[in-house]
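Examining the three-dimensional arrangement
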Number of protein chains: 2
Amino acid sequence: MKKSLGAKTLLFPTPVLMVGTYDRTGKPNLMNAAWGGICCSQPPCVAVSLRKARYSYDCIVERKAFTVGIACEARMAEADYVGIASGRDVDKFAVSGLTPVRSDLVDAPYAAEFPLVLECRLLHTLEIGLHTQFIGEIIDVKADDDVLGDDGHPDIMKISPLIYDTARKGYHGVGPLLGRAFSVGKTKG
Amino acid sequence: MKKSLGAKTLLFPTPVLMVGTYDRTGKPNLMNAAWGGICCSQPPCVAVSLRKARYSYDCIVERKAFTVGIACEARMAEADYVGIASGRDVDKFAVSGLTPVRSDLVDAPYAAEFPLVLECRLLHTLEIGLHTQFIGEIIDVKADDDVLGDDGHPDIMKISPLIYDTARKGYHGVGPLLGRAFSVGKTKG
């Protein structure tokens with residue numbers, strides 16, 4: 001018999017997404033979003049949800065583009081900082097020492113220090129409630145060489161992505177490989 | 001200088017969501033979805049994306065409800081199995097030994113064996129491309145007593161949720177707490 005916890009945004013895991021945008025003056029901004037995930041394979045799309053009050057909101061609406069960097073253990077403090085400060089008040093890249101890089105494909109910047117980034121063109125905007133969901137078509141994924149395996153694919157253990165705990169608001173890391181998908185379940189069939 | 005990997009659905013981490021539905025005959029079904037996440041705080045909402053070809057697709061459209069269970073390490077084989085078999089061919093609950101429980105709030109079942117479940121009412125349907133995104137309003141979250149901490153909140157380490165690696169199609173676990181959100185970043189400001 002399970003216990004009722006009420007209508008809450010509890011999900012495990014959620015990602016720690018570094019959403020990169022330019023404001024109307026061209027200042028780069030970065031925010032921290034845990035409300036998001038992949039939402040389509042063809043075209044490849046990622047969804048991120050933002051409150052209208054966030055500085056990044058108008059940036060995405062106006063530029064119709066954003067980037068999604070993957071926050072990593074080595075940059076946990078920077079990742080958390082961009083979730084505390086607002087681009088309305090400060091240049092978060094300058095204050096935190098992150099390096100803005102202009103995407104060569106979409107009108108948005110990303111931080112060089114995060115090992116993997118998705119460059120996105122705004123495809124859909126859905127008003128849900130307190131949050132608005134932006135769906136971006138992934139135009140390209142770029143990664144640092146040192147997080148790629150010998151097979152050329154990103155290695156999740158080298159990326160060391162952060163996980164956000166929706167219940168206790170903590171950051172966790174990823175543990176080792178437990179099993180292969182589309183494989184370990186065959187014993188049950 | 002980052003290396004281009006092309007337009008791919010690479011995101012770290014993604015969840016392993018057990019989407020529970022009833023078909024038109026009342027047979028319970030469960031599928032495995034990694035394309036999803038929280039998308040709104042008020043009302044609390046979760047998004048899951050499915051291909052039209054999936055058996056669960058019509059179930060959600062017809063019943064306007066679904067549940068989202070959190071796959072856990074102890075049930076990795078069952079979680080993977082429901083991503084391999086189709087409800088069109090088999091009763092996945094019966095074959096895998098999972099116990100269907102009828103939600104008392106929405107017209108959908110969940111598997112008793114997964115420690116935490118979100119009961120959802122369909123709120124929005126968005127056709128994106130190969131995948132359709134279903135947004136469910138979270139009506140309640142239910143959890144097993146043994147994954148709750150002394151404070152009554154779910155403990156991510158007790159849930160032991162699975163993580164799906166989009167690059168190599170593996171399942172991973174969650175590592176220990178690394179830091180507190182809205183806190184560790186203060187050193188950068």
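Residues numbered from 1 in each chain as written. Chains lettered and ligands numbered in written order. Predicted model: local features only at pLDDT ≥ 70, side-chain atom pairs only at ≥ 80, totals over all residues. Heavy atoms only, no water.

Here the focus is the packing of aromatic side chains. Residues and elements named next belong to chain A. Under the defined criterion, the tally for this structure stands at 4 aromatic pairs over all chains. Each ring, one from Tyr 57 and one from Phe 134, has its centre 5.4 Å from the other, and the planes form 55 degrees; the classification is tilted. One end of the pair, Tyr 57, is in helix H1 (residues 55-63); the other, Phe 134, is in strand S11 (residues 131-143), with 77 residues separating them in the sequence. The two residues Tyr 57 and Phe 134 agree in class, both being buried. (Phe/Tyr/Trp six-rings, centres within 6.5 Å; stacked < 30°, edge-to-face > 60°. Helix = DSSP H or I, 4+ residues; strand = E, 2+ residues; numbered from the N terminus. Buried < 20%, exposed > 50% of the residue type's maximum accessible area, 1.4 Å probe, protein only.)

In space, the 6 strands of this open sheet follow the order S2(A)-S12(A)-S13(A)-S13(B)-S12(B)-S2(B), with antiparallel pairing throughout. Here the strands that pair on one side only, and so sit at the sheet edges, are strand S2 (14-15) of chain A together with strand S2 (14-15) of chain B. Sheet topology note: the strand S12 (residues 163-165) of chain A/strand S13 (residues 170-180) of chain A ladder contains 3 bridges and is antiparallel. When the bridges of S13 of chain A are listed, Ile 163 of chain A appears paired with His 172 of chain A. (Pairing = 2+ DSSP bridges.)

With that settled, consider the interface of chain B and chain A. At the interface, 104 residues of chain B touch 104 residues of chain A. Each partner contributes to the roughly 8,400 Å² buried at the junction of chain B and chain A, and carbon and sulfur atoms together form 66% of this total. Together, Lys 2, Phe 12 and Arg 168 of chain B form the three largest contributors to the area buried by chain B at its contact with chain A, with a combined 10%. Counting every contact that joins chain B to chain A gives 8 salt bridges. Across the salt bridge formed by Lys 188 of chain B and Glu 78 of chain A, the nearest N and O atoms sit 3.3 Å from each other. Our enumeration of links across chain B and chain A arrives at 57 residue pairs in polar contact (both at pLDDT 80 or more). Per element, the largest residue contribution to the side of chain B that touches chain A is 11 residues, and it comes from strand S13 (residues 170-180) of chain B. Residue composition of the side of chain B that touches chain A, grouped by class: 58 nonpolar, 27 polar and 19 charged. (Contact = heavy atoms within 4.5 Å. Buried area = accessible area lost by both parts, 1.4 Å probe. Salt bridge = Lys/Arg side-chain N within 4 Å of Asp/Glu carboxyl O. Polar contact = N/O pair within 3.5 Å; in protein donor to acceptor, adjacent residues only side chain to side chain. Nonpolar A, V, L, I, M, F, W, Y, C, P; charged D, E, K, R; others polar.)

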